[in-house]
Structures are given as C-alpha cells and as structure tokens.
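The chain contents come next:
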Amino acid sequence: MLEVKEVSKTFADFEAVKGISFQANRGEVLGFLGPNGAGKSTTMKVITGFLDPSGGEALICGKSITTERKEAQRFIGYAPENAPLYDEMYVREFLTFIARMREIESERIPDRLKEVLTMCSLNEVAFQKIETLSKGYKRRVSLAQALIHDPKVLILDEPTDGLDPNQKHDMRELIRKLAKEKCILISTHILEEVEEICDRCIIIGEGKKLFEGAPHDLKSKSNKGKIQDVFRAITLKTNVSGVSL
C-alpha cells in the first residue's frame with residue numbers, strides 16, 4: 001500500500017532526508033523513530049505530497065505522489081503534528097467542511113460524520129467550537145478529519161504528543177483498531193508506544209535510515225532488554241554497555 005523509494009529532500013545546502021526507502025502494508029503499524037531533527041516530519045510531508053522530493057519517489061496504493069498527486073492523496077489520511085484547525089468552527093461543522101473538500105457525496109456525509117464522531121469519541125463535543133477544546137480533544141478532531149474519507153493509508157505525526165496518560169491509552173487503542181483495515185505510519189519519540197502498537201519500526205538519524213525491524217528485534221540487541229539503550233546507541237552511533245549492534 002505504501003512504498004517509499006530512495007526519497008531525499010534538500011533545503012538550500014541542507015540535506016534533510018537522504019535516500020530513505022521502506023514499505024508498509026494493510027494491517028500493519030509502522031513506527032517511524034528518531035531524535036528531533038532526524039527528518040521524520042519532512043519525510044512524512046514528502047510522502048503526503050506537502051513537499052516535493054528532491055529525489056526518489058513515494059507510491060500510495062500504486063499511485064505516484066509526485067506525478068499522480070490528487071489520485072494518491074485520495075488514499076491518504078494525514079494528521080500532522082500540531083495540525084492547524086479552524087478554531088472558530090464547531091467540531092461537526094469543521095468535519096462536514098473537510099468531507100466536502102474530500103469530495104464525499106452529500107448523501108454519504110451524515111453517515112461518515114456519525115462514524116468518525118463515534119470512533120474518535122467526539123459526540124459530546126460535536127457542537128462545541130474547536131477553540132474551546134482541550135489539547136486531547138483537538139488531537140481527536142485532527143484524527144477525525146484524517147479518517148473522514150475512510151483512507152487506506154493513515155499517516156500520523158506524533159499522535160499522542162501532549163496527551164495525558166488516559167488520552168494516550170485511548171489513542172493507542174484506537175490506532176490498534178484502525179490497523180486491522182488500514183496501513184498506518186506513525187512517527188513518535190515515545191519508545192513505549194513502539195512496543196505497544198507497532199509491528200515494525202524504522203529508526204532514522206541525520207536523514208538516514210539506521211534500523212528497520214520488529215520492536216522485539218530491537219530489544220534483543222540489549223542484554224537488559226531495554227529498547228531505550230538500543231535506540232540511544234543507534235542514533236548517537238556510540239557503544240553502549242550491554243548493546244550489541
């Protein structure tokens with residue numbers, strides 16, 4: 001469903017992403033890890049068509065994000081970190097607007113609204129203005145807009161950032177449910193999240209892919225079974241006691 005081929009992105013003299021390649025399929029949650037500034041968000045913006053790649057290609061359900069952008073984006077649901085929302089709009093009003101922008105048939109919009117409001121636990125705030133919502137609810141609204149057109153590929157940038165423990169639990173449970181029918185790519189810096197919900201993970205640093213494999217493969221590299229130690233060793237390119245790379 002998602003195929004990334006040697007994607008690179010350069011800004012002036014700075015190469016933010018350096019030839020990254022990977023694949024992800026339906027029913028899979030792929031974790032995208034790396035320290036701040038590693039190139040995670042930039043890669044996601046290229047995959048979703050918000051930035052043009054300097055090199056390489058991304059295919060969404062077989063459609064090129066560069067040469068068939070509109071067709072490819074029909075298959076994508078994207079919730080960026082700190083996603084901009086129209087604060088003056090009511091939740092239901094905003095989601096209706098997004099549904100129309102996504103060219104959903106008018107007769108189908110009420111059913112889609114009902115589904116995503118329930119799925120994202122937004123029914124009780126459906127008629128509140130977005131500006132009155134907590135950060136946790138705003139993240140749910142962001143996820144709901146990404147789901148309104150029932151995309152096959154869901155791309156989430158730091159989906160639990162800033163949420164309290166209960167909200168994080170609810171968001172992770174929802175991602176698990178969605179993964180049964182979709183291909184999901186999430187970027188995160190929360191390592192426990194990778195262990196809980198990801199089938200595979202990719203670690204990048206300084207714009208390069210440094211590791212790809214299952215979370216248990218990552219943990220197995222540490223004598224103490226600590227994924228944090230392995231992550232540190234890989235991203236800092238240092239020898240860490242008890243870690244075998």
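Residues numbered from 1 in each chain as written. Predicted model: local features only at pLDDT ≥ 70, side-chain atom pairs only at ≥ 80, totals over all residues. Heavy atoms only, no water.

Engineer: Explain the overall build of the protein to me, please; I cannot follow it from the model alone.
Structural biologist: Per the secondary structure count, the protein includes 9 helices and 10 strands. With the C-alpha coordinates of the protein rotated into their principal frame, the extents come out at 55 × 40 × 30 Å. Residues classed as buried in the protein amount to 51% of the 245 residues present. In the protein, the proportion of contacts linking residues at least 24 apart, taken out of those at least 6 apart, comes to 63%. Surface exposure of the protein reaches about 12,000 Å², of which carbon and sulfur atoms provide 46%. Side chains of the protein give 37 positive and 37 negative charges; the mean places of these two sets differ by 2 Å. (Helix = DSSP H or I, 4+ residues; strand = E, 2+ residues; numbered from the N terminus. Buried < 20%, exposed > 50% of the residue type's maximum accessible area, 1.4 Å probe, protein only. Contact = heavy atoms within 4.5 Å. Areas by Shrake-Rupley, 256 points an atom, 1.4 Å probe, with all protein chains shown as cover. Lys, Arg positive; Asp, Glu negative; His and termini not counted. Charge placed at Lys NZ, Arg CZ, Asp CG, Glu CD.)

Engineer: Just checking my understanding: could you explain helix α3 (residues 91-101) for this structure?
Structural biologist: Count 3.6 residues to each turn of an α-helix, and residues three or four apart come out pointing the same way. Buried within α3 are the following residues: Val91, Phe94, Leu95, Thr96, Ile98 and Ala99. Against α4 (109-119) and α5 (135-147) lie the buried residues of α3. At the exit of α3 stands Glu103, carrying a positive phi of roughly 60 degrees.

Engineer: For this particular structure, what's the right way to read empty space enclosed by the protein?
Structural biologist: Unfilled space is identified by rolling a water-sized probe across the atoms. Scanning the model with the defined rule gives 1 cavity of 30 Å³ or more in all. Lining the largest cavity, in full, are Ala79, Arg139, Ser142, Leu143, Leu156, Pro159 and Met171. When grouped by side-chain class, the residues that make up the lining of the largest cavity number 5 nonpolar, 1 polar and 1 charged. Both domains that furnish three or more residues to the lining of the largest cavity are identified here as domain 1 (2-75 + 152-236) and domain 2 (89-150). (1 Å grid on protein atoms, 1.4 Å probe; cavity = no way out; pocket = protein on both sides within 12 Å on 5 of 7 lines; lining within 4 Å. Points joined across faces, edges and corners; volume = space filled by probe spheres on them. Nonpolar A, V, L, I, M, F, W, Y, C, P; charged D, E, K, R; others polar. Domains from an automatic or database assignment.)

Engineer: Which parts of the structure should I look at to understand the pairing of strand β10 (residues 208-213)?
Structural biologist: Note on strand geometry: in a regular strand, side chains alternate between the two faces of the sheet. The sheet contact formed by strand β9 (residues 200-205) and β10 spans 5 bridges and is antiparallel. Across the sheet, residue Cys201 finds its bridge partner in β10, namely Gly213. Between β9 and β10, which follow one another and run antiparallel, lie 2 residues, and Glu206 among them has a positive phi close to 50 degrees. (Pairing = 2+ DSSP bridges.)

Engineer: Would you explain the domain arrangement of the protein in this entry?
Structural biologist: Frequently, the measure chosen for interface size is the accessible area that the parts lose on association. Structurally, the protein comprises domain 1 (2-75 + 152-236) and domain 2 (89-150). The centre of domain 1, based on its C-alpha atoms, is set 25 Å off from the matching centre of domain 2. Tallying the contact residues gives 18 residues for domain 1 and 14 residues for domain 2. When the two sides are added together, the surface that domain 1 and domain 2 hide from each other amounts to roughly 1,200 Å², 55% of it contributed by carbon and sulfur. Linking Lys182 and Asp150 is a salt bridge whose minimum nitrogen-to-oxygen distance equals 2.7 Å. (Buried area = accessible area lost by both parts, 1.4 Å probe. Salt bridge = Lys/Arg side-chain N within 4 Å of Asp/Glu carboxyl O.)

Engineer: Looking at this model, I keep getting lost on the environment of Ile20. Mind explaining?
Structural biologist: One can find Ile20 in strand β2 (residues 14-24). The class for Ile20 is buried, based on a relative accessible area of 1%. Ile20 sits 188 residues away from Lys208 along the chain, and the two C-alpha atoms are 6.3 Å apart. Each residue touching Ile20, except ones within four places of it in the same chain, is listed here: Val4, Lys5, Glu6, Val7, Thr43, Ile204, Gly207 and Lys209.

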